[in-house]
Amino acid sequence: QVQLVESGGGLVQPGGSLRLSCAASGSIFSIGTMGWYRQAPGKQRELVARIDSAGRTNYEDSVKGRFTVSRDNTKNMVYLQMNSLKPGGTAVYYCNADVKYRWTSSTYYGHWGQGTQVTVSS
């Protein structure tokens, strides 16, 4: 069993910054791509940013230049530094990780965290 636990959400004023963290634990042999998604009220969940095991990243267009995704493979953690936050950034942010359970398998399984609320408001 694998658990992903997010932290770092909260209330921030427009233009402010927050750093989200996500810790993966459990039956993990290795982790492939890790990422952050968000879901605003009444909208579908969307990709914000992701990073593969080699450190290659990609971002949703509206956050490029403002958000930075990073990871610490020794700790099975992924981070999202969010700067210059806008009211449109208000959403529940979810961590996602593709996990391989054992070295004999080539299959990665996707896992989600419970989400952390980010509210951007004055």
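Below, the structure is looked at part by part. (Residues numbered from 1 in each chain as written. Predicted model: local features only at pLDDT ≥ 70, side-chain atom pairs only at ≥ 80, totals over all residues. Heavy atoms only, no water.)

A separate point is unusual backbone geometry. Keep in mind that most residues, glycine aside, have a negative phi and that most peptide bonds are trans. A positive phi is found at N76, a non-glycine position, where the angle reads about 55°. Following the sequence through the fold, N76 ends up in the loop between β7 (67-72) and β8 (77-82). By relative accessible area, N76 is classed as partly exposed at 24%. (Helix = DSSP H or I, 4+ residues; strand = E, 2+ residues; numbered from the N terminus. Buried < 20%, exposed > 50% of the residue type's maximum accessible area, 1.4 Å probe, protein only.)

With that settled, consider the pairing of strand β5 (residues 46-51). Along any regular strand, the residues point their side chains to alternate faces of the sheet. As judged from the 5 bridges shared by strand β4 (residues 30-39) and β5, these two strands associate in the antiparallel manner. Residue pairing for β5: G35 is matched across the bridge by R50. The turn linking β4 back onto β5 is made up of 6 residues, and G42 within it adopts a positive phi angle of 80°. Two elements, β5 and strand β6 (residues 57-59), share 3 bridges in a ladder whose sense is antiparallel. Bridged to I51 within β6 is T57. Between β5 and β6, which pair antiparallel in sequence order, lie 5 residues; one of them, G55, sits at a positive phi of approximately 95°. (Pairing = 2+ DSSP bridges.)

A few words on the sheet that holds strand β3 (residues 18-26). If you walk across this open sheet you meet the 4 strands as β1-β3-β8-β7, and the pairing is antiparallel. Since the sheet does not close on itself, it has two edges, and those belong to β1 (2-7) and β7, each with one partner. Geometrically, the sheet is characterised by an average inter-axis angle of 15° between neighbouring strands, direction not taken into account. Bridging between β1 and β3 involves 6 bridges; their strand directions are antiparallel. Across the sheet, the residue bridging to V5 is A23, located in β3. (Axes fitted to C-alpha atoms, helices over the stretch in contact; angles between N-to-C directions.)

Turning to the pattern of salt bridges, a few remarks are in order. Applying the stated criterion across every chain, the model contains 4 salt bridges. Among the salt bridges present, the one from D52 reaches R56, with a minimum N-O distance of 2.6 Å. Judged by relative accessible area, which is 57%, R56 ranks as exposed. D61 is the salt-bridge partner of K64, the closest N and O atoms lying 3.0 Å from each other. A cluster of three or more residues bridged by salt bridges with shared partners is formed by R38, E46 and E60. (Salt bridge = Lys/Arg side-chain N within 4 Å of Asp/Glu carboxyl O.)

By themselves, these are just geometric observations and shouldn't be taken as functional.
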